[in-house]
Amino acid sequence: MAYITLNRTKLKHNYDFLNAKFEQNDIEWGVVSKLLCGNKTFIEELIKLGTREIHDSRIGNLKVVKSINPDVQTVYIKPPAKKNILKIVKYADVSFNTEYATMQLLSKEAMRQGKVHKVIIMIEMGDLREGVVGDHLLEFYEQVFELPNLEIVGLGTNLNCLNGVMPSPDKLVQLSLYKELVETKFNKKIPWVSGGTSVTFPLLQRNLLPKGVNHFRIGETLYFGADLFTGGTVEGMQTDVFKLYTQIIELTQKPKTPEGELAENPSGEVFEIRKEDIGKTSYRAIVDIGLLEIAPDFMIPEEKGVTVIGASSDMLVLDLGNSDRNYQVGDIVTFQMKYMGVLGVLNSDYIEKYVVE
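Residues numbered from 1 in each chain as written. Predicted model: local features only at pLDDT ≥ 70, side-chain atom pairs only at ≥ 80, totals over all residues. Heavy atoms only, no water.

*Asks:* I would appreciate a short explanation of the packing of aromatic side chains in the present structure.
*Replies:* Two aromatic rings are characterised by how far apart their centres lie and by the angle between their planes. Tallied over the full model, the rule gives 12 aromatic pairs. Taking 5.8 Å as the distance between ring centres and 75° as the angle between the ring planes, the aromatic pair formed by F22 and F201 counts as edge-to-face. Taken together, the residues span a long stretch of sequence, with F22 in helix 1 (residues 8–24) and F201 in helix 8 (residues 201–205) at a distance of 179 residues. Taking the relative accessible area as the measure of exposure, F201 reaches 0% and is therefore buried. Three or more aromatic residues joined by ring pairs make a cluster, and in this case those are Y15, F22, W29, F201 and F216. (Phe/Tyr/Trp six-rings, centres within 6.5 Å; stacked < 30°, edge-to-face > 60°. Helix = DSSP H or I, 4+ residues; strand = E, 2+ residues; numbered from the N terminus. Buried < 20%, exposed > 50% of the residue type's maximum accessible area, 1.4 Å probe, protein only.)

*Asks:* Can you walk me through the sheet that holds strand 9 (residues 215–218) in this structure?
*Replies:* Paired through backbone hydrogen bonds, the strands of a sheet run either parallel or antiparallel to each other. Here 8 strands make up an open sheet; going across it, the order is 8-7-6-5-4-3-2-9 and the pairing parallel. The open sheet has two edge strands, strand 8 (192–194) and strand 9, and neither has a second partner. Direction aside, the axes of adjacent strands within the sheet are offset by 30° on average. With 4 bridges connecting them, strand 5 (residues 94–97) and strand 6 (residues 117–122) associate as parallel partners. Directly across from F96, in strand 6, lies its bridge partner I120. (Pairing = 2+ DSSP bridges. Axes fitted to C-alpha atoms, helices over the stretch in contact; angles between N-to-C directions.)

*Asks:* Help me understand unusual backbone geometry, please; the structure alone is not making it clear to me.
*Replies:* Excluding glycine, residues mostly carry a negative phi; peptide bonds, for their part, are mostly trans. Of note, the phi angle at N187 is positive, near 55°, even though the residue is not glycine. Examined against the element boundaries, N187 turns out to sit in the loop between helix 7 (169–186) and strand 8. The phi torsion at N207 lies on the positive side, around 60°, for a residue other than glycine. Relative to the helices and strands, N207 resides in the loop between helix 8 and strand 9. Taking relative accessible area as the criterion, N207 reaches 68% and is therefore assigned exposed.

*Asks:* Would you mind going over the side chain of T102 with me for this structure?
*Replies:* Structurally, T102 can be placed in helix 5 (residues 100–113). According to the relative accessible area criterion, T102 is buried, its value standing at 7%. If we ignore the near neighbours within four places in the chain, the residues touching T102 are P80, I85 and N97. (Contact = heavy atoms within 4.5 Å.)

*Asks:* What is the right way to look at the environment of G219 in this model?
*Replies:* As for its placement among the helices and strands, G219 is situated in the loop between strand 9 and helix 9 (220–224). For G219, a relative accessible area of 7% puts it in the buried group. Residues G219 and I54, spaced 165 residues apart in sequence, show a C-alpha to C-alpha distance of 10.0 Å. In this view, G219 contacts V32 and S198; residues no more than four positions away in its chain are not counted.

Don't take any of this as a statement about function, it's just geometry.
So this is what it looks like as structure tokens:
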């Protein structure tokens, strides 16, 4: 049966690498856990690292965090849906917000629960996902500062998540200036400028991060060592915290091209025959995982010479043509994965999950 592993040692290495960098620059940060899909065993590993702040976009995942350690600060990282207000206040210490009507409901629920709920106001900085438009910011703050049982702890922004707009020093300086403007106008102290994410980390590495940005939310770089500016790896970080293990269930020499009239497969694809493949054969392996768990584009075979051919709902086909290994039925084929690949696998109830050293 296919399974995925989280390497505790490599995760700790990446965490310590990031933590040292943030401490050197007097930056607070939290770990984004949404990739883990609420897996209690894996979330426990995050908490064991010493992280005191965990971010997620699913209330159920934050509930898991609180069940493990109620002292970890939980942050809900998207504007709350009205139907979830009670659970947001119960399980999230902090939430991202952009709508006054929603914050009114948070205020009322926080009063009902006898809590002070913290809020980060998200600002639109060009990627056109969530965020208050800058021209409306002062008017917005004039209203929200009056809401009881809410504490405004930061201004934040999200970049690159929808339209691919990259962070820049100029954009982050503007975010910092918004914070100064609000503080001056309303004589209020706002602790955080939460402009940092994995895609922003390379600016810190290159000493291009404006001093005003003092809070980061990190997921992808922690788990993959990813430099999202270059598409490569941050020097000194590990790329294979997660590994996927699949088992060969069929191994046969077959033609490289299908025979018969071609139409769309269930995924809507039509096979394209290459002239150079006609009449040729290769050793093909079927492994026990499919599109239900992961898309082939997100898989990186560890064995050189192994190529992913395609997948159906519950089986994946590999070409073993250039591999030096003498594979047999029952052997394990190992993969590293891209972010969305790990997300799919961890979201599947059909894949076993283990922690390894």
